[in-house]
Amino acid sequence: NAGVMQNPRHLVRRRGQEARLRCSPMKGHSHVYWYRQLPEEGLKFMVYLQKENIIDESGMPKERFSAEFPKEGPSILRIQQVVRGDSAAYFCASSPARTGDYGYTFGSGTRLTVV
Amino acid sequence: KQEVTQIPAALSVPEGENLVLNCSFTDSAIYNLQWFRQDPGKGLTSLLLIQSSQREQTSGRLNASLDKSSGRSTLYIAASQPGDSATYLCAVRVETSGSRLTFGEGTQLTVNP
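Caption draft 1: Spotlight on the overall build of chain A. Check the secondary structure of chain A and you find 0 helices and 11 strands. Listed N to C, the secondary structure of chain A is β-β-β-β-β-β-β-β-β-β-β in terms of helices and strands. For chain A, whose C-alpha radius of gyration is 13 Å, the value lies close to the compact-globule estimate of 13 Å for 115 residues. Its C-alpha atoms put chain A at 40 × 25 × 25 Å along the principal axes.

Caption draft 2: Local environment of the side chain of R37 of chain B. All names here are of chain B. Tracing the sequence through the fold places R37 in strand β4 (residues 30-38). Polar contacts involving the side chain of R37 include one to the side chain of D39, which spans 3.0 Å. Here the side chain of R37 touches S85 through a polar contact of 3.5 Å, landing on its backbone oxygen. Residues contacting R37, with those up to four places away along its chain left out, are G43, L44, T45, L47, G83, D84, S85, A86, T87 and Y88.

Caption draft 3: Fine view of the interface of chain A and chain B. Tallying the contact residues gives 23 residues for chain A and 22 residues for chain B. Interface area, chain A with chain B, both sides summed: about 1,700 Å², of which 47% is carbon and sulfur. Where chain A packs against chain B, one counts 1 salt bridge. We note a salt bridge from R100 of chain B to D56 of chain A, for which the minimum N-O separation is 3.1 Å. Here chain A and chain B share 7 residue pairs in polar contact (both at pLDDT 80 or more) between them. Contributions of two or more residues to the side of chain A that touches chain B are made by β4 (31-37) and β5 (43-50) of chain A. Tallied by class, the residues present in the side of chain A that touches chain B amount to 9 nonpolar, 8 polar and 6 charged.

Caption draft 4: Molecular detail of the state of the cysteines. Residues and elements named next belong to chain A. Summed over all chains, the structure comprises 2 disulfides over all chains. Across the disulfide from C23 sits C92; the S-S distance is 1.8 Å. The disulfide joining C23 to C92 has a torsion of about -55° about its S-S bond and is therefore left-handed. Separated by 69 residues along the polypeptide, C23 in strand β3 (residues 19-24) and C92 in strand β9 (residues 88-95) bring together distant segments of the chain. With respect to burial, C23 and C92 carry one shared label: buried.

Conventions we followed
- Residues numbered from 1 in each chain as written.
- Chains lettered and ligands numbered in written order.
- Predicted model: local features only at pLDDT ≥ 70, side-chain atom pairs only at ≥ 80, totals over all residues.
- Heavy atoms only, no water.
- Helix = DSSP H or I, 4+ residues; strand = E, 2+ residues; numbered from the N terminus.
- Rg over C-alpha atoms; globule rule 2.2 N^0.38 Å.
- Polar contact = N/O pair within 3.5 Å; in protein donor to acceptor, adjacent residues only side chain to side chain.
- Contact = heavy atoms within 4.5 Å.
- Buried area = accessible area lost by both parts, 1.4 Å probe.
- Salt bridge = Lys/Arg side-chain N within 4 Å of Asp/Glu carboxyl O.
- Nonpolar A, V, L, I, M, F, W, Y, C, P; charged D, E, K, R; others polar.
- Disulfide = S-S within 2.5 Å.
- Buried < 20%, exposed > 50% of the residue type's maximum accessible area, 1.4 Å probe, protein only.

Spelled out as structure tokens, the structure:
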């Protein structure tokens, strides 16, 4: 029973390029959450999705960031025209139910470096 | 707005010592509280989940307590080992914030052999 799978583990992008981060939730989990950990800072909520629905995107930057969780396939966090300040670790978590009674399971993260 | 604070920010102890990590939160209307461990360059490993109706949870050498009214949780680690060295994160889910977690900035623990 694989856990939450994120790929790639490390991603290097030049300023202005696009970054695509993928997250496959645990089997049986239909709720996905993205968090960002900036250097020397705590984890901050970005977005919460269910299949084909964005439930809460209150933590997403207003521009250049988008997320989706299609009916088939992994959840994607997309960052357009990356800037140095986007360098961070991006973590995905999943849960089996909205209420989170079972807590959240996190992936190993994608470390994005913008050069 | 929920704020989560963890004290101390860093802690260094000799092997075998019992220790306590502290977490405080400003909004006592929480749904649950979860303690995680994060190793350098790695993801988060869930240690313990305490629902708002519970006072404590135990797993092996770890014991977490929750006092909603005072906005506090503690993580007790018994007989610490060098393998316990990591950053410990406390996260709360507030009833009014949907499903998001609010994290503290963590306590970086070093257990010296």
